[in-house]
Amino acid sequence: MKKIEAIIKPFKLDEVKDALNAIGIKGLTVTEVKGYGRQKGHTEIYRGAEYIVDFIPKIKLDIIVPDDMVDQVVNTIIEKSRTGKIGDGKIFVLPVERVIRVRTGETDNEAI
């Protein structure tokens, strides 16, 4: 099993979620996060004063998938979240040693 962490632009969330549902992903966790990379923030003007916004709002998706679905999920996220502009995000794939469903006690693939 693998954990896929994807950082995407907020307006792409619905498109990515719908595409993941279409390929059989039954659950994911969504978190509103802030950060920066090459984008390095931007400036905004509020009531005549200029402010530097260092951290850009993003969405973080956490998805646990069987090993054989990793490439399909990653490719789906890339396809649906890419705008071709700076700040499209990142995807991280991490190993997962164990998953347990609290309600039933099911483990690993049965608990996903």
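Described in the following lines is the structure provided in the data block. (Residues numbered from 1 in each chain as written. Predicted model: local features only at pLDDT ≥ 70, side-chain atom pairs only at ≥ 80, totals over all residues. Heavy atoms only, no water.)

1. What about the packing of helix 1 (residues 13–22) against helix 2 (residues 70–81)?
What counts here: Here the axes come from fitting lines to C-alpha atoms, over the contacting stretch only for helices, and the angles between their N-to-C directions go from 0 to 180 degrees. Each helix corresponds to a stretch of at least 4 residues labelled H or I by DSSP, and each strand to a stretch of at least 2 residues labelled E; elements are numbered beginning at the N terminus. Two helices that cross are described as forming a left-handed crossing if the nearer one is turned anticlockwise from the farther one by less than a right angle, and a right-handed crossing if clockwise. In what follows, a contact means two residues having at least one pair of non-hydrogen atoms within 4.5 Å. Classes in brief: Ala, Val, Leu, Ile, Met, Phe, Trp, Tyr, Cys and Pro nonpolar; Asp, Glu, Lys and Arg charged; the others, Gly included, polar.
Between helix 1 and helix 2, the least distance of the axes is 9 Å, while the angle of their chain directions is 145°. Where helix 1 crosses over helix 2, the two elements pack in a sense that is right-handed. The segment helix 1 lies against helix 2, with E15, V16, A19 and L20 engaging V73, T76, I77, K80 and S81. Of the residues assigned to the contact of helix 1 with helix 2, the class counts are five nonpolar, two polar and two charged.

2. Details of the pattern of salt bridges
Note the following rule: The rule for a salt bridge is simple: a side-chain nitrogen of Lys or Arg has to be within 4 Å of a carboxyl oxygen of Asp or Glu. Think of it in three bands: residues with accessible area under 20% of the maximum for their type are buried, residues over 50% are exposed, and the middle band is partly exposed, with areas taken using a 1.4 Å probe on protein chains only.
All told, the structure shown has eight salt bridges when counted by the stated rule. One salt bridge connects K9 with D88, and the closest N-O pair in it is separated by 3.7 Å. In this pair, K9 is assigned in the loop between strand 1 (2–8) and helix 1 and D88 in the loop between helix 2 and strand 6 (90–95), connecting sequence segments 79 residues apart. Residue K9 shares its accessibility class with D88, and that shared class is buried. Here D18 ties to K17 by a salt bridge, and the two come within 3.4 Å at their closest N and O atoms. Owing to a relative accessible area of 45%, D18 belongs among the partly exposed residues under this scheme.

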